[in-house]
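Report on the structure
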Amino acid sequence: HVQLVESGGGSVQAGGSLRLSCVVSDSSPNCMGWFRQAPGKEREGVAVIYSNSGNTYYADSVKDRFTISQDSAKKTLYLQMNSLKPEDTAMYYCAASRGLLVRPWLLSSADYNYWGQGTQVTVS
């Protein structure tokens, strides 16, 4: 089974940057993404990358500020977060799917089978 471990979270002032990483135990996932959940709010999709094509998909709230990417071996997933805002404060989760019919453009948590433990991002 796929195991995911996130790192890179922390506290930063508004306008600052953070880079999140997710180490993957299995390089075969065809789709990986980042999701976040703030206290009292539902979990929402942030960014997804479809491995076969390299296409990326972003929530409107983070477009032009966040960038999702993978290393060439697909062993590590990244989320570069720039121009951070207080509203970005949340627990961020790495997720992966090995399904053949994943729909990355939906940014839906229902499409992902494997989840990391989460890493906290706090923007003040």
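A few points on the structure. Computed from a prediction, not measured in an experiment: that's the story for all the values here. Each chain has its residues counted from 1, following the order in which its sequence is written. The predicted nature of this model means local features are confined to residues of pLDDT at least 70 and side-chain atom pairs, given and counted, to a pLDDT of 80 or more, with totals for whole chains, interfaces and linings taken over all residues. Side-chain numbers come from the whole structure's heavy atoms, not from hydrogens or water.

Regarding the state of the cysteines
- Two cysteine sulfur atoms make up a disulfide if the distance between them is within 2.5 Å. In this structure the tally under the stated criterion is one disulfide.
- Note on Cys31: no disulfide assigned, nearest cysteine sulfur contributed by Cys94 at a separation of 11 Å.
- Cys31 sits in the buried class, given a relative accessible area of 1%. For every residue, the accessible area (1.4 Å probe, protein chains only) is compared with the maximum for its type, and the residue is labelled buried under 20%, exposed over 50%, or partly exposed between those bounds.

Brief notes about the pattern of salt bridges
- Any Lys or Arg side-chain nitrogen located within 4 Å of an Asp or Glu carboxyl oxygen qualifies as a salt bridge. Tallied over the entire structure, the rule returns five salt bridges.
- Residue Asp88 pairs with Arg36 through a salt bridge whose shortest N-O separation is 3.0 Å. Of this pair, Asp88 sits in the loop between β8 (76-81) and β9 (90-97) while Arg36 is found in strand β4 (residues 31-37), placing the two residues 52 residues apart along the sequence.
- We classify Asp88 as buried; its relative accessible area is 1%.
- Look at Arg36 and you get buried, because its relative accessible area is 5%.
- Linking Lys63 and Asp60 is a salt bridge whose minimum nitrogen-to-oxygen distance equals 3.1 Å. Helix numbering and strand numbering both begin at the N terminus, where a helix is a DSSP run of H or I of at least 4 residues and a strand a DSSP run of E of at least 2.

Comments concerning the packing of aromatic side chains
- Stacked, edge-to-face and tilted labels apply to pairs of Phe, Tyr and Trp rings (six-membered ring for Trp) whose centres lie within 6.5 Å, assigned for plane angles under 30 degrees, over 60, and everything in between, in that order. Overall, the coordinates contain two aromatic pairs when judged by the stated rule.
- Centre to centre, the rings of Phe35 and Tyr112 are 5.3 Å apart; their planes meet at 65 degrees, and the pair counts as edge-to-face. Taken together, the residues Phe35 in strand β4 and Tyr112 in the loop between β9 and β10 (114-115) connect sequence positions 77 residues apart.
- Classification of Tyr112 by relative accessible area gives buried; the value is 5%.
- Site record: aromatic cluster; members linked through ring pairs are Phe35, Tyr112 and Trp115.
- For Arg43, the ring lying beneath its charged end belongs to Trp115, and the centroid distance is 5.0 Å. Our definition puts a charge over a ring when NZ of Lys or CZ of Arg is within 6 Å of the ring centre and also within 35 degrees of the ring normal.

Considerations on the pairing of β8
- With five of six residues buried, β8 lies mostly within the body of the structure.
- When DSSP finds two or more bridges between two strands, those strands count as paired. One ladder, built from six bridges, connects strand β3 (residues 18-24) with β8; its direction is antiparallel. Directly across from Cys22, in β8, lies its bridge partner Leu77.
- Bridge count between strand β7 (residues 66-70) and β8: five bridges; the pairing is antiparallel. Residue pairing for β8: Phe66 is matched across the bridge by Met81.
- Between the end of β7 and the start of β8, which pair antiparallel, lie five residues, with Lys74 showing a positive phi angle near 60 degrees.

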